[in-house]
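Topology and contacts: notes
Listed below are the residues making up each chain.
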Amino acid sequence: MGLFDSIRKAFSVDDAIETARNQRQNHASITVETLYPAQTVPTVQSEEIDKPQNDITVGVEAEISHTYSETETETETETETETETETETETETETETESQSQLDSGLDETKKSWASRWQHFIANFRSVDEDFFDDLEETLIKADVGAATALQLTDELRDEVKLQNAKSKQAVSEVILEKLVNHYEAQGINEDTAMHFAQNGPTVILFVGVNGVGKTTTIGKLAARYKGEGKKVLLAAGDTFRAGATQQLQVWGERDGVEVVAGAPNSDPASVVYDGVRAAIDQQADILFVDTAGRLQNNVNLMQELEKMKRIISRELPEQPAEVLLVLDATTGQNALQQAKLFKDSTDVTGIVLTKLDGTAKGGIILPIRNELHLPVKWIGLGEQVNDLQPFVANDFAKSLFGQLLEIRDGD
Ligand SMILES: Nc1nc2c(ncn2[C@@H]2O[C@H](COP(=O)(O)OP(=O)(O)O)[C@@H](O)[C@H]2O)c(=O)[nH]1
Ligand SMILES: [Mg+2]
């Protein structure tokens, strides 16, 4: 059974249409529009990666998302209570795992915005003509699936809709969702979402990404998780660039009860990394997490610095680092995608940590990360607390995101 069929089954679409209708009357009232026009996807300039992450907002995209964020807040307040009550009831009656429900609620904003877009799209549907495909492409782009993916899917759907002779809103909607899910599933084949560990000796895991995305926080969360599994964990405070960065890691170290190897402020990060690796070897640690700076004088310097750290690690431990995890902030949407392209081009990224999925409507960014970057998402961040991190389970994510769309019916 393919992913689409299993989602369909999980949501018992055929049997539960009526139930779903009765339970869900509030989707239609949400009208969130955050626009990412295909033609204006920006490229991150080298100076931009240098600035704190909050500053990386670009041109048209920034303006438009700002304009619409007001609408978002207003509508959310109106509908939030009802939607939440509904989710709780569902969770109680279903035998969902704890992590699936944490995922579901973490993705609440994304789900709401997807539902409202889909609702809008279906409501507008009259017949399968050029306007229809234009609408579809726009809907997909706004849902952050990525311009290239949106274009490709729309093209493929032109044939598919005809082939299946889909005419009713319901039939058309299912054909599209099936395609979307199948595409997502196909792109994930051979994707390596596992974390890799050394057979002998310490495993080194390097964290990279621009400032403010959540590197240090993710290290704090992961250190607690692996320590909880009985591993000996060490942290290296490789972000010597920003005042307070070392201290922030030390706070996590204390909280988690793991040692932090640190240097003096503004010391050479490479020497901190060296000390960290030596300490990990001497103390026979299982895992060394290396924190890094998200900015230096410029982008080229940052990439060179990362390469230098990697060289130092490999000199001491030839098979390491086992993982270079690129941390991306989901709330930055398409910008995160641009950052990923930059890092991917300059260093061997082995996986992605997608943070701040809680409270953002931009969770759809998972799709272009998979479809266009071909980098496996290994972890997702769903909050600031130590337990707010989950391994990324692609099918659970699809279930959470697409399942509810299958329930949306014409006339809802
Ligand atoms: N809501 C939320 N906040 C997060 C998440 N991950 C990190 N943060 C917050 O993002 C901010 C920047 O995180 P930090 O780890 O310092 O980023 P770094 O500069 O990449 O090391 C902090 O306030 C974190 O608490 C997440 O998954 N969800
Ligand atoms: Mg940090």
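The structure this text deals with has already been given above.
The sections below set out a description of the structure shown in this document. The structure presented is a predicted model; accordingly, all values stated were derived computationally and were not measured.

**With respect to the overall build of the protein**
- A tally of regular secondary structure across the protein gives 16 helices and 8 strands.
- A total of 412 residues make up the protein; the buried ones form 44% of that total.
- Put simply, 79% of the contacts in the protein that link residues at least 6 apart link residues at least 24 apart.

**Examining the pairing of strand β5 (residues 323–329)**
- Here β5 lies mainly inside the structure; 7 of its 7 residues are buried.
- Residues of β5 alternate between two faces, with Glu-323, Leu-325, Val-327 and Asp-329 on one and Val-324, Leu-326 and Leu-328 on the opposite face, all of them buried.
- By the bridge criterion, 4 bridges tie strand β1 (residues 203–208) to β5 in an arrangement that is parallel. Considered in β5, the bridge of Leu-206 is made with Val-324.
- Taken together, the 5 bridges between β5 and strand β6 (residues 351–355) define a ladder with parallel strand orientation. Residue pairing across strands places Leu-325 opposite Gly-351, the latter belonging to β6.
- In this fold, the crossover linking β5 to β6 by way of helix α14 (residues 334–346) has right-handed handedness.

**Observations concerning the site of ligand 1**
- The environment of ligand 1 is made up of 19 residues, and the closest members are Gly-214, Lys-215, Thr-216, Thr-217 and Gly-381.
- In the shell around ligand 1, the residues fall into 3 nonpolar, 11 polar and 5 charged.

**What to know about unusual backbone geometry**
- Each neighbour pair has its own omega, and for Gln-320 with Pro-321 the value is 0 degrees, a cis peptide bond.
- In this structure, Pro-321 sits in the loop between α13 (299–316) and β5.
- At Asp-144, a position not held by glycine, the phi torsion is positive, near 70 degrees.
- Although it is not a glycine, His-374 adopts a positive phi angle of roughly 55 degrees.

**Observations regarding the sheet that holds strand β8 (residues 389–391)**
- Read across the sheet, 8 strands follow the order β3-β2-β4-β1-β5-β6-β7-β8 without closing on themselves; strand pairing throughout is mixed. At either margin of the open sheet sits one strand with a lone partner, and together these are β3 (259–261) and β8. Between one strand axis and the next, the sheet turns by 25 degrees as a mean value, whatever way the strands run.
- By the bridge criterion, 3 bridges tie β6 to strand β7 (residues 377–381) in an arrangement that is parallel. Its bridge partner being in β7, Leu-354 is matched across the sheet by Ile-380.
- Where helix α10 (residues 215–228) meets the sheet, its contacts fall on β1, β2 (233–238), β4 (287–292), β5, β6, β7 and β8, and the angle it forms with β4 comes to roughly 170 degrees.
- Along the sheet face, helix α11 (residues 245–256) touches β2, β3 and β4 and points at about 170 degrees away from the line of β2.

**Looking at helix α1 (residues 3–10)**
- Every buried residue of α1 is listed here: Phe-4, Ile-7 and Arg-8. In an axial view of α1, the angular spread of the buried residues amounts to 100 degrees, which keeps them on one side of the axis. Seen from the open side of α1, the exposed residues pointing more than 90 degrees away from its buried face are Asp-5 and Lys-9.

**Notes on the nonpolar core**
- Formed by 94 residues in total, the largest nonpolar core has its most connected members in Leu-235, Leu-288, Phe-289 and Val-290.
- Sorting elements by how many residues they give to this core places helix α16 (residues 394–407) first, with 6 residues.
- Taken together, domain 1 (3–190 + 399–407) and domain 2 (203–394) each give at least three residues to this core, which thus spans both.
- Setting aside residues up to four positions removed in sequence, Leu-235 forms contacts with Ile-219, Ala-223, Leu-249, Gly-253, Val-258, Val-260, Val-261, Phe-289 and Asp-291.

**A short note on the packing of α10 against α11**
- Contact geometry of α10 with α11 gives a least axis separation of 9 Å together with a crossing angle of 20 degrees. Classified by the angle between their axes, α10 and α11 sit roughly parallel to one another. Read as a crossing pair, α10 and α11 show a hand that is right-handed. Judged by residue contacts, Thr-216, Ile-219, Gly-220, Ala-223, Ala-224 and Lys-227 of α10 engage Ala-245, Gln-248, Leu-249, Trp-252, Arg-255 and Asp-256 from α11.
- Of the residues assigned to the contact of α10 with α11, the class counts are 6 nonpolar, 3 polar and 3 charged.

What counts as what
- Residues numbered from 1 in each chain as written.
- Chains lettered and ligands numbered in written order.
- Predicted model: local features only at pLDDT ≥ 70, side-chain atom pairs only at ≥ 80, totals over all residues.
- Helix = DSSP H or I, 4+ residues; strand = E, 2+ residues; numbered from the N terminus.
- Buried ≥ 20, exposed ≤ 12 C-beta atoms within 10 Å, placed from the backbone.
- Contact = placed C-beta atoms within 7 Å.
- Pairing = 2+ DSSP bridges.
- Right-handed = clockwise from strand over helix to strand, strands pointing away.
- Near = placed C-beta within 6 Å.
- Nonpolar A, V, L, I, M, F, W, Y, C, P; charged D, E, K, R; others polar.
- Axes fitted to C-alpha atoms, helices over the stretch in contact; angles between N-to-C directions.
- Arc of directions from axis to C-beta.
- Core = buried A, V, L, I, M, F, W, Y, C linked by C-beta atoms within 7 Å.
- Domains from an automatic or database assignment.
- Parallel < 35°, antiparallel > 145°, perpendicular 65-115°, else oblique.
- Left-handed = near helix turned anticlockwise from the far one by under 90°.

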